[in-house]
Protein chains: 2
Amino acid sequence: MFRNFRLVPNIIFGRGCFDQLDEIISKQRSDTSSWAVFVVDKVFQGKPLEKRLPLHDRDLLLWADTTHEPKTSYVDELTLQTKEFHSQLPCAVMGIGGGSAMDLSKAVSLMLTNEGSSTLYQGWDLIQNPAVYHAAVPTLSGTGAEVSRTAVLTGPEKKLGLNSDYTVFDQVVLDPELTEGVPREQHFYTGMDCYIHCVESLEGNFINEFSRAYGEKSLELCRQVFLEPHENARDKLMMASFFGGMSIAYSQVGACHALSYGLSFVLGTHHGIGCCITFDALEEYYPKGVAEFRTMMDKAGVDIPRNVTADLTSEQMETMITVALGLDPLWENCLGKDWKTIMTRDKARQLFLRM
Amino acid sequence: MFRNFRLVPNIIFGRGCFDQLDEIISKQRSDTSSWAVFVVDKVFQGKPLEKRLPLHDRDLLLWADTTHEPKTSYVDELTLQTKEFHSQLPCAVMGIGGGSAMDLSKAVSLMLTNEGSSTLYQGWDLIQNPAVYHAAVPTLSGTGAEVSRTAVLTGPEKKLGLNSDYTVFDQVVLDPELTEGVPREQHFYTGMDCYIHCVESLEGNFINEFSRAYGEKSLELCRQVFLEPHENARDKLMMASFFGGMSIAYSQVGACHALSYGLSFVLGTHHGIGCCITFDALEEYYPKGVAEFRTMMDKAGVDIPRNVTADLTSEQMETMITVALGLDPLWENCLGKDWKTIMTRDKARQLFLRM
């Protein structure tokens, strides 16, 4: 059985294409009572992008606080705010920002049509009803959230996404200009999220020629961006992110993402930097990838926090291990069906202690 | 203004995934009166694939005669046959075969909901109404018809596609196993269609980093298939075809495709071989590409017909030139806005005489 894979059905790409957003949303505004929700990363409050948002009178602007990784409680709060704003459903939910803002907008668009708390839907294919039309404008490249079928959320019990075909955006607006102001460290960490998930995809057991073609090209683009000076580096990283997302959409990530989920769950570490911290400890599993990652880190003049697990209580460590080992498909992709005999709790603990 | 580009929203990839076709179509069969049309390349009549077609009692099987390139008159005939089969519209039109069968199925799905002859819609964005749900199962890799927004047809006056967002398939089933029986020459000619349109895309004026990422990877896969012995060559060529289609969907083809349309219109030359004959005469415009194409031709042990235009009447030659020079966007992509001062009728004649 092969998965019938849902793709983003509409893409616009180009420097300045953000200016066409109003026209794109207008196709969803069926009558004068139609209204849209904009979920926009709070970092843009008071920035030039705020003035460029194509808000109409009846629209709702939600500034998304991305200080912390998206939480189920925050999704429930934003959903409630949207429901209370108007009794009628919005015609569109727009996510503008990095992975967090995009995942929040995906989750809100799903929770508007699926009852109860978002915690109920953390897992695979638990969503029952189609989402409200939702579109993404990434302002940060690397996460692949713009094409993935998940909205990664931290809940009271686990960090796990709302994985479903309904999660996939209906439209993506890829404007490389919007990524120009990203701070150097964040540019690196988020770019490495892409690099790392492509290594995990390409070296995993679930690989096929579809994922390989996307993953290989994504890695090549990452190398152009992070190892050699190249023209159009922002455009290239945006394509690397898109291709990386396409690669894992049909295969799976691996050990690094699994462990990083444990780290984020307990320490609240943001995803990009969490992946970097984790990957640096995984030489045993991805020797070539880790070596190249370190070269990229040198070139970028960026470092990662060390000894992040040194002060954990044993209870925190056990939780971290439990969350990480709960991600079966990721481990099976990396280590095969017998992964439990290899990645024991002790082994996971040793790896965490290296971070 | 950037084009908001329509993608195939559902893709399944893998050896043997053809067996999931019935399940995929079943989602379109809303009630017991639902019926589907299968437009299947006639070469499969009496072949093992015929027995594997997931036909239901009420379904219509149309064997597509691909002896000639798809004609508007043939599309109109197949559409009429479909309309006469049942007063209600079919729930799905399935195209199974190479570029011709896929383009015929696209065109039928469009003409079932758009009145009049298909000749009325040869051009860009002339289609008024959405098509019937339509899906493709390519059995030949290279054309990119599985992802393109066109259905190329030869009409009484021109060879020109039905270009529209509605033309794009709703589903593509990519099963590399189905391409195993393709004769050596056809495998080469159709693979070269992909190679050539990627060269045209990458060296054209309309290129952006989106088209470049797809085009470069497609060329690399073509090289793996045609220059080096590689595992999974059929899978790789299927991905090359998909990526090549994605590359030109956001850029454009060039001189070779424009001239080959003239050739096909007058001589009925099939598209793949027509591209090869034309490309071989275009060293002046694509020197590196033509050199590599000749190496691939040598390796494949395949040759192309020569002196195909030697016996043309002057009237035929003038028609050939008129059809080729009618494709403005292709020439602008290749030669820039002033292309008419470069590609004069005399110059086009010289090029045709070399073929």
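Residues numbered from 1 in each chain as written. Chains lettered and ligands numbered in written order. Predicted model: local features only at pLDDT ≥ 70, side-chain atom pairs only at ≥ 80, totals over all residues. Heavy atoms only, no water.

Chemist: Which parts of the structure should I look at to understand the overall build of chain A?
Modeler: Helix and strand counts for chain A stand at 14 helices and ten strands. Based on the C-alpha atoms only, the size of chain A along its principal axes is roughly 60 × 45 × 45 Å. The buried share among the 355 residues of chain A stands at 62%. Counting only carbon and sulfur atoms, one obtains 49% of the accessible surface of chain A, whose full area is about 13,500 Å². On chain A, the mean spot of the 32 positive side-chain charges and the mean spot of the 46 negative ones are 2 Å from each other. (Helix = DSSP H or I, 4+ residues; strand = E, 2+ residues; numbered from the N terminus. Buried < 20%, exposed > 50% of the residue type's maximum accessible area, 1.4 Å probe, protein only. Areas by Shrake-Rupley, 256 points an atom, 1.4 Å probe, with all protein chains shown as cover. Lys, Arg positive; Asp, Glu negative; His and termini not counted. Charge placed at Lys NZ, Arg CZ, Asp CG, Glu CD.)

Chemist: What exactly am I supposed to notice about helix H5 (residues 184-202) of chain B here?
Modeler: Because each turn of an α-helix spans 3.6 residues, side chains separated by three or four positions end up pointing in the same direction. When the terminal C-alpha atoms of H5 of chain B are compared, their 27 Å separation across 19 residues agrees well with the 27 Å that a helix rising 1.5 Å per residue should span. Burial runs high along H5 of chain B: 16 of the 19 residues are buried. (Expected span 1.5 Å × (residues − 1).)

Chemist: Would you mind showing me how to read the pairing of strand E2 (residues 10-13) of chain A here?
Modeler: Neither face of E2 of chain A is open: one carries Asn 10 and Ile 12 of chain A, the other Ile 11 and Phe 13 of chain A, and all of them are buried. As paired elements, E2 of chain A and strand E1 (residues 5-6) of chain B share two bridges and run antiparallel to each other. Bridge pairing in E1 of chain B places Ile 11 of chain A opposite Phe 5 of chain B. Across three bridges, E2 of chain A lies against strand E10 (residues 171-174) of chain A in parallel orientation. The residue bridging Ile 12 of chain A from the neighbouring strand is Val 173 of chain A, located in E10 of chain A. (Pairing = 2+ DSSP bridges.)

Chemist: Looking at this structure, I do not really get helix H8 (residues 255-267) of chain A. What am I missing?
Modeler: Residues and elements named next belong to chain A. In this model H8 runs 18 Å from its N-terminal to its C-terminal C-alpha over 13 residues, within 8% of the 18 Å that 1.5 Å per residue would give. Burial within H8 is extensive, with eleven of its 13 residues counted as buried. Every buried residue belonging to H8 is among Ala 255, Cys 256, His 257, Ala 258, Leu 259, Ser 260, Tyr 261, Gly 262, Leu 263, Ser 264 and Phe 265, and all of these are buried. One or two residues past the end of H8 sits Gly 268, with phi positive at roughly 70°.

Chemist: Looking at this structure, I do not really get the packing of aromatic side chains. What am I missing?
Modeler: Centre distance and the angle of the planes are the two values used to describe a pair of aromatic rings. Counting across every chain of the model gives 34 aromatic pairs over all chains. Centre to centre, the rings of Phe 13 of chain A and Phe 210 of chain B are 6.0 Å apart; their planes meet at 50°, and the pair counts as tilted. In this pair, Phe 13 of chain A is assigned in strand E2 and Phe 210 of chain B in helix H6 (residues 209-226), connecting two distinct chains. The same class applies to Phe 13 of chain A and to Phe 210 of chain B, which are both buried. Arg 3 of chain A extends its terminal NZ or CZ atom over the ring of Tyr 250 of chain A, reaching a point 6.0 Å from the ring centre. Directly above the aromatic system of Tyr 261 of chain B lies the positively charged group of Lys 159 of chain B, at a separation of 4.5 Å from the ring centroid. (Phe/Tyr/Trp six-rings, centres within 6.5 Å; stacked < 30°, edge-to-face > 60°. Lys NZ or Arg CZ within 6 Å of the ring centre and 35° of its normal.)

Chemist: Explain the pattern of salt bridges here, please?
Modeler: Oppositely charged side chains can pair when the atoms bearing their charge come close. For the coordinates displayed, the defined rule picks out 50 salt bridges over all chains. For the salt bridge of Lys 340 of chain A with Asp 328 of chain A, the shortest nitrogen-to-oxygen distance reads 4.0 Å. Taken together, the residues Lys 340 of chain A in helix H13 (residues 339-342) and Asp 328 of chain A in helix H12 (residues 328-335) connect sequence positions twelve residues apart. On the basis of relative accessible area, Lys 340 of chain A is assigned to the exposed category, the value being 55%. In this structure, Lys 159 of chain B and Glu 69 of chain B form a salt bridge, with 2.9 Å as the shortest nitrogen-oxygen distance. Of this pair, Lys 159 of chain B sits in strand E9 (residues 159-163) while Glu 69 of chain B is found in the loop between strand E4 (60-64) and helix H3 (72-85), placing the two residues 90 residues apart along the sequence. Each member of the pair, Lys 159 of chain B together with Glu 69 of chain B, is buried. Residues joined by salt bridges that share partners form a network here, namely Asp 280, Glu 283, Arg 294, Asp 303 and Arg 306 of chain A. (Salt bridge = Lys/Arg side-chain N within 4 Å of Asp/Glu carboxyl O.)

Chemist: What should I look at first to understand the side chain of His 197 of chain A in this one?
Modeler: Locating His 197 of chain A in the fold gives a position in helix H5 (residues 184-202). Apart from residues no more than four positions distant in its own chain, His 197 of chain A is found in contact with Gly 142, Thr 143, Gly 244, Gly 245, Ile 248, Val 253 and His 257 of chain A. (Contact = heavy atoms within 4.5 Å.)

Chemist: Quick question: what am I supposed to make of the packing of H5 of chain A against H8 of chain A here?
Modeler: The angle between the axes and the distance between the axes are what describe a pair of packed helices. Residue and element names in this part refer to chain A. Relative to each other, H5 and H8 sit at 125°, their axes nearing to 8 Å. When the axes of H5 and H8 are compared, the pair comes out oblique. Each of Asp 193, Ile 196, His 197 and Glu 200 in H5 lies in contact with H8, whose residues at this interface are Ala 255, Cys 256 and His 257. Looking at the contact of H5 with H8 residue by residue, the class counts come to three nonpolar, two polar and two charged. (Axes fitted to C-alpha atoms, helices over the stretch in contact; angles between N-to-C directions. Parallel < 35°, antiparallel > 145°, perpendicular 65-115°, else oblique. Nonpolar A, V, L, I, M, F, W, Y, C, P; charged D, E, K, R; others polar.)

Chemist: Got a minute to help me understand the relation of the copies chain A and chain B in this structure?
Modeler: Mapping between the two chain copies consists of a rotation about an axis together with a translation along that axis. Each copy of the sequence occupies a distinct position, and chain A is placed on chain B by a rotation of 180° and an axial shift of 0.0 Å, giving an RMSD of 0.0 Å. Within this description, the copies of the chain are treated as partners about a two-fold rotation axis. Relative to the rotation axis, the closest C-alpha in chain A is found at Pro 9 of chain A, a distance of 2.4 Å. (Least-squares fit on C-alpha atoms with pLDDT ≥ 70 in both.)

Chemist: Help me out: how do you make sense of the sheet that holds E9 of chain B in this one?
Modeler: Strands pair in a sheet through their backbones, by hydrogen bonds, and they do so in one of two ways: parallel or antiparallel. Residue and element names in this part refer to chain B. Read across the sheet, three strands follow the order E6-E9-E8 without closing on themselves; strand pairing throughout is mixed. Each edge of the open sheet is held by one strand with a lone partner, namely strand E6 (123-124) and strand E8 (152-154). The pairing of E8 with E9 spans three bridges and is antiparallel. For Val 152, the partnering residue across the bridge sits in E9 and is Gly 161.

Chemist: Help me understand the sheet that holds strand E5 (residues 92-97) of chain A, please; the structure alone is not making it clear to me.
Modeler: One open sheet accounts for seven strands, arranged E4(A)-E3(A)-E5(A)-E7(A)-E10(A)-E2(A)-E1(B); its pairing is mixed. Across the chains shown, the open sheet's two edge strands, defined by having one partner strand only, are strand E4 (60-64) of chain A together with E1 of chain B. Here E5 of chain A pairs with strand E7 (residues 134-138) of chain A via five bridges, running parallel. By the bridge assignment for E7 of chain A, Met 94 of chain A is matched with Ala 135 of chain A. Those strands touched by helix H3 (residues 72-85) of chain A are strand E3 (36-41) and E4 of chain A, and its axis lies near 165° from that of E4 of chain A.

Chemist: Looking at this model, I keep getting lost on the interface of chain A and chain B. Mind explaining?
Modeler: By a widespread convention, an interface's size corresponds to the accessible area lost as its parts come together. Each partner contributes residues to the interface: chain A has 38 residues there, and chain B has 38 residues. Together, the buried faces of chain A and chain B total about 3,200 Å²; carbon and sulfur atoms form 56% of this surface. Looking only at chain A, the three residues that lose the most surface to chain B are Phe 2, Phe 13 and Glu 209 of chain A, adding up to 20% of its buried area. The interface formed by chain A and chain B includes four salt bridges. Between Lys 236 of chain B and Glu 209 of chain A there is a salt bridge, and its shortest N-O distance comes to 3.1 Å. Of all the secondary-structure elements, those providing two or more residues to the side of chain A that touches chain B are strand E1 (5-6), E2, helix H1 (21-26), helix H6 (209-226) and helix H7 (233-249) of chain A. A total of nine residues in the side of chain A that touches chain B trace back to one element, the largest contributor, which is H6 of chain A. For the side of chain A that touches chain B, the residue count by class is 19 nonpolar, eight polar and eleven charged. (Buried area = accessible area lost by both parts, 1.4 Å probe.)

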